[in-house]
Every structure is written in C-alpha cells, then in structure tokens.
Amino acid sequence: PAPVGVVYMGAAPSTPSPAPSTPPSNNITIISSLVGLREVDAAIASAEAALQKLRQRRGLLLQWRRRRRLPKQREGAEVGRAAQKPSCSFPPASTVRGEPGQADVRLRRPFCEAVRTPLPSGSLSELAAEGVSDVAVLPSLLVPCCAHSGTTFLWRCMQYAFHPERVCGSVADRAGCEGGRCGKQRRSGRVAVYAPLAADWSRSACGSRRYLLPGLAGNVQGHWDYRKEWFFYGGGGAAWPKGWEDYAGVELPLCYWEREYQRLLRVRPLADTLAHSRALCSSAQPSGEKPWWQRGPRGGGPCTHRACLPLDMRKIRFGPEFDGEYDRETSPRWQVQATKALPRLDPSEHPGAVVPDFTPNYLCSVKSLRNLRLSVGAPRHWRLLLVMRTPLDALTSSYKMFVQWGWVRSANLSSDVMPQLRRLRRCNPRLYDSPELLGSLSDEQVLRYFESCWGDGVWRNFVTNSLHYVCLRAWIAAGFSREQLLLLSSEKLRTLQAHELVDALANFTGLHHNAPLLATRREELSAQCEAPDSAANRAAWLRRRQRSKSSKAPLVNTHRDFNGSNAQVRSRLDTNALAEFTRLADAHEALLAGLGLREV
C-alpha cells in the first residue's frame, strides 16, 4: 500500500489482495477514519515545513549567486562602453526588517502635508541668474496629445537620440579610443565615444548642449528607470491633490540617471534596495523658512513623503530572480515604495537638462489646463509637441486599445459614441449644430466652452478626446503661443527617416542633435527612430531578423491590427454614428488647419 500522503498516478503497484473480512462496526469505522486523517494532516504539515525550508534555502542561494555575479558584471562593464565606475556608492547593506522597534503597520508615519507652492517654473538660465543652486527641475517639454498615436515610439526614439551620454559624447578614431567608453564597432575608423557619467553632462564637460533628462520611476524592488508619463496636472488618475512634492518626488543624486548605475542597482540584494526606499520615504514637514525644494534641514514632525506608497508584501509579486529573497512568513508584512523623482540640479552647473512629461491625456483635459494655468501659467521656454491622428482614427484606435486591455464594457463603439454626442449637443446646441462658428469665438469664449463641454481627458471620453481643435484653442487662450506648439501626424511618423525626425525634433525643442556620433550607429538609430513603414527600417529589420528571429521593428501603434475580442468589428461605427461624428470631425479639422500651426 502507498505510504501516507502519497497518491499513485496511473496503475497502483501490484499487491496481494487482502482477504475478505467481515464489515467493521460503525464505531470502529469512525475511529479508523479519524486516525487516518490525523496521519494525513501530520504528513501535510511536515511537507509544508520542508517546502518552506527549501524556499528559504533557494532565496539564500539566489542572494549568494547575485553577490558572486556582481563583481563579474562590474568587471564586464569596465571593458564595455561605460568603463568608469558609477559616480556614487550603492545603498548600504541592510535587512528587510527596517529600524529596530518599529511596528509592522501599513504606514509608520503619516503622509506629509500637501505642498501647494509650485515648483520654480523658470528656465535653468533664469534660475541660475536668480542664484538658485539646487532645484527640482520642472518638466518643460510636454507631449500632451495624443494617446494611441505613437507617443511611446516617440518616447523611445527621443530617449535614444537625446540621451546625455550621446549628446555630450564625441567621435574618435578606433586606434586612439581608450578608457572603455567607445561603442562597439566591427570596422575600423570613426567610433562613438559616450559620456556615461553625470560629471560628463556638466557645463564644463558638455558646454551648452541641451539633452533629455527624464524623471525616474521607482518600482517595488527599489530599482529605478526613466518615467514617461506623470499625470500630475490631470488627464485621469492625477496626483494633483497630493501636492507639488509628489511631482518632484524623492531626492536622488544625479548618478541615479546613469544607465550603468541603474543596471548595477538591479543586482544588489533586495534587502538593501528596500531599505533605501524606506530611507528615501522618511521625510519631515517643510519648515517654510527656506524654499521647500532646496535641500537642507526641514522642520516639523517626521512624516512619509508624498511620492511614496505603502506595500502589502502578501499581495506584491517581485521579479522571479528576487521572489525567493523575501520570506513572507517571517518578514514584515508592510514595506514602502518610493515611486518617482525629478532630477535635482544646480542650474549653473547643468544648464542643458530638459525634463519631459509625455502624459498624452493633458490636451483635452479641462482639469489639466486649469491646474497648469493657475499654478505656473504658460512659461515661454516650454514646448508642446502634439502627436496626432485624424479624429476617426483616434476614435477607433483608442477604443480598440481599451478592448485589448479589457477596460471596455460596451458591446461596440457606437453604443459609447452616441450618448457622448448627445451630451455634447445638450451642452451647447448652437455650436454643435454649426461647429464652423467656433472659429469666430474669442479666447475667453473658447475657454468657457472648453470648460463647460469637454471632460477631464479620461480614456472613456472618446468623442471629445478626438476633437482637438477646441482643446488647442483653449491652450492658446490660456497663454501658450503658436510658436510653442508643433504638430506631428501619426502617419508622417510612420514614414520619416530617422535623421529627418531627429532633425525636426532638435529644431523645435532646442535639444542637441549629435549627428557625427549618431552617424556611427546608423542602423541602431534606425531601429529606434524609424517605424516599420520606413523603407530603411524595413531593410534593417530584415537584416536583424536573419541574425535573431526575436528581433522586431518598433511600432508606432501596436493596437492597429488587434482583433481579439472581436475588436475590429466592435470598433466600427454604425451608419448614424459615423455620419454625425464625421460631420463634426470634418468641421473641426478644417478649423484646425486654419490655425496655421507648425507641422513636421
């Protein structure tokens, strides 16, 4: 017979059949069943204890393997393109338990009070002239429109082409290239010499070149990477009520923006990075004696930074390489996550930093424009880059994406569009029936119409999010000049060659196009900044595909061809909805063309 706790799969081992016996009495049957259950329960408890020990052992082995592997990775980095060691040290060794004597509760300290004083909105040159020496740099390059039009593709391209390690880099002869900063090059000749360290991005090393320096996003493991969207002013789940300290985020040294530092931080022990997140989130109330965004002593009682979140470790799932390091049975249930950080700079030392915010829901959000206009206004050095599609394309592609994400509950797009059209008509029947009259409205009238009839830019507002003319007129009425706006159509983005796109972006934003360095990495640049519809990128993709079947060309909009959940059929408008929406869309597009805005 099988031992207790073992179940045979398939045929059981052959054993002699027991001799038939007389049926036992009911009392004997109950006692035997109880004894059997106790044995099984004891076996299960023993197996679970052994499994728990194996999990702990696995976690220790993973931690030991990473510690052994880290010196090799550092050694490998030194012979790569970033030979220099990171500019600052790593978080010190620690444990997951936190400070001695602290209770294991959801929030050990209350959140700090929301700060309503805006971040300094002047340019870095203006702040340097005012004598500001340490400031959280407010995003001044906005991509406020439009979702599902290629903003992620544009984000990846700009990250690559305008990263400070390339903007502040140079080219050199292969024979004279030393120090491990040179890019890989199969052929002899001119090669890229990168600028991987924060010290290479200063005025003394990089001059007046302007580069893209995005804010950072922190994850549950205490690691950091560049952040695309912030949703601070509005456009959905905005962080506006949390105050400006939530936008600025926790204070991090500039070395956290070095790619090599970010990579090496990911192989540190989990306990060290979790402890560092706890330390970053421990703050104090702003004293009011100094500008709160400047470093220095802070008055008031201890509190938790607004840019931090409590984490229930019973529900959190780490990456597979870290999951074994956190024993959820014996370790604290609650940890804290630092979620974001804007770069903090000395404007006179790093005058070239340009911080972006690619939140694509700002443009048609009444709340976003109101919060921005009443706090920082319309600073003249800001630039607004708008990636746009035709209204019908924007309408259908956004619906299709949310079908793919599982957010849509309606049977089809028409069932959402018709009620939204009726609401828009009820808001102002005259302008709905005769949309061409919008062109004759004053700035004040446009703002009033926008605030009354448009929504908050959330994803389900399919109609108003697709009619861009009123949104653009409202932003111009709020103080932004036409020279601060640039339109980039999604269809144009699909066909531009890499150097054409990077040139256009550099001319508009003032970011430095390091053409000599990027020319040494032409195929790599094409892979980042040319869509599949570009002939050059198709050829490069085919070459990469021959070397690796997993290589894929970047897509401008990955939801266009999605057909799961019957998305293609559900995203088609019926005859009445299509006719009514097309009538409005054609009038708005004609008015938009009459604004005379710059286009790529």
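Note that the structure is predicted; figures quoted are calculated from it, not measured.

S.K.: Can you help me understand the pattern of salt bridges in this one?
M.R.: A side chain with one charge may pair with a side chain of the opposite charge, provided their charged atoms come close. Counted according to the given criterion, the structure contains 15 salt bridges. Across the pair Arg-266 and Asp-225 runs a salt bridge, and its minimum N-O distance is 3.7 Å. Here the residue Arg-266 occupies a position in the loop between α7 (259-265) and α8 (270-281), and Asp-225 occupies one in strand β7 (residues 224-226), the gap between them amounting to 41 residues. Accessibility expressed as a relative area gives 37% for Asp-225, which makes it partly exposed. Of the charged contacts in the structure, one is a salt bridge between Arg-263 and Glu-260, with a shortest N-O distance of 2.9 Å. With Arg-263 and Glu-260 both in helix α7 and three residues apart, the pair spans about one turn of that helix. A relative accessible area of 29% places Arg-263 in the partly exposed class. Each of the salt bridges in this network shares a partner with another, and the network as a whole consists of Glu-165, Arg-166 and Arg-259.

S.K.: I keep staring at the state of the cysteines and nothing clicks. Help me out?
M.R.: Following the criterion strictly, the structure yields eight disulfides and no others. The residue that forms a disulfide with Cys-281 is Cys-308, at a sulfur-sulfur distance of 2.0 Å. A torsion of -95° about the S-S bond marks the disulfide between Cys-281 and Cys-308 as left-handed. Taken as a pair, Cys-281 in helix α8 and Cys-308 in strand β10 (residues 308-312) lie far apart in primary sequence, 27 residues in all. Residues Cys-281 and Cys-308 agree in their burial class; the two are buried.

S.K.: Help me understand the packing of helix α15 (residues 468-477) against helix α22 (residues 575-593), please; the structure alone is not making it clear to me.
M.R.: The description of two helices packed together rests on the angle between their axes and the distance between the axes. For the pair α15 and α22, the least separation of the axes is 8 Å and the interaxial angle reads 35°. Here Tyr-469, Val-470 and Leu-472 of α15 lie close against α22, whose contacting residues are His-588, Leu-591 and Leu-592. Residues of the contact of α15 with α22, tallied by class, amount to five nonpolar, one polar and no charged.

S.K.: Just checking my understanding: could you explain the sheet that holds strand β6 (residues 216-218) for this structure?
M.R.: Within a sheet, neighbouring strands are paired by backbone hydrogen bonds and run either parallel or antiparallel to one another. Read across the sheet, three strands follow the order β7-β6-β12 without closing on themselves; strand pairing throughout is antiparallel. The outermost strands of the open sheet, each flanked by one partner alone, are β7 and β12 (340-341). The sheet contact formed by β6 and β12 spans two bridges and is antiparallel. Looking at β12, one finds that Leu-216 is bridged to Ala-341.

S.K.: So what exactly am I meant to see when it comes to the environment of His-468 here?
M.R.: The residue His-468 is located in helix α15 in this model. Assessed through its relative accessible area of 1%, His-468 is described here as buried. Considering only alpha carbons, one finds His-468 and Leu-591, 123 residues apart in sequence, at a separation of 9.9 Å. Among residues more than four places away in sequence, those in contact with His-468 are Cys-145, Cys-146, Cys-364, Met-388 and Arg-389. There is a polar contact of 3.2 Å between the side chain of His-468 and the backbone oxygen of Asn-465.

Here is what the cut-offs are and how they apply
Residues numbered from 1 in each chain as written. Predicted model: local features only at pLDDT ≥ 70, side-chain atom pairs only at ≥ 80, totals over all residues. Heavy atoms only, no water. Salt bridge = Lys/Arg side-chain N within 4 Å of Asp/Glu carboxyl O. Helix = DSSP H or I, 4+ residues; strand = E, 2+ residues; numbered from the N terminus. Buried < 20%, exposed > 50% of the residue type's maximum accessible area, 1.4 Å probe, protein only. Disulfide = S-S within 2.5 Å. Axes fitted to C-alpha atoms, helices over the stretch in contact; angles between N-to-C directions. Contact = heavy atoms within 4.5 Å. Nonpolar A, V, L, I, M, F, W, Y, C, P; charged D, E, K, R; others polar. Pairing = 2+ DSSP bridges. Polar contact = N/O pair within 3.5 Å; in protein donor to acceptor, adjacent residues only side chain to side chain.

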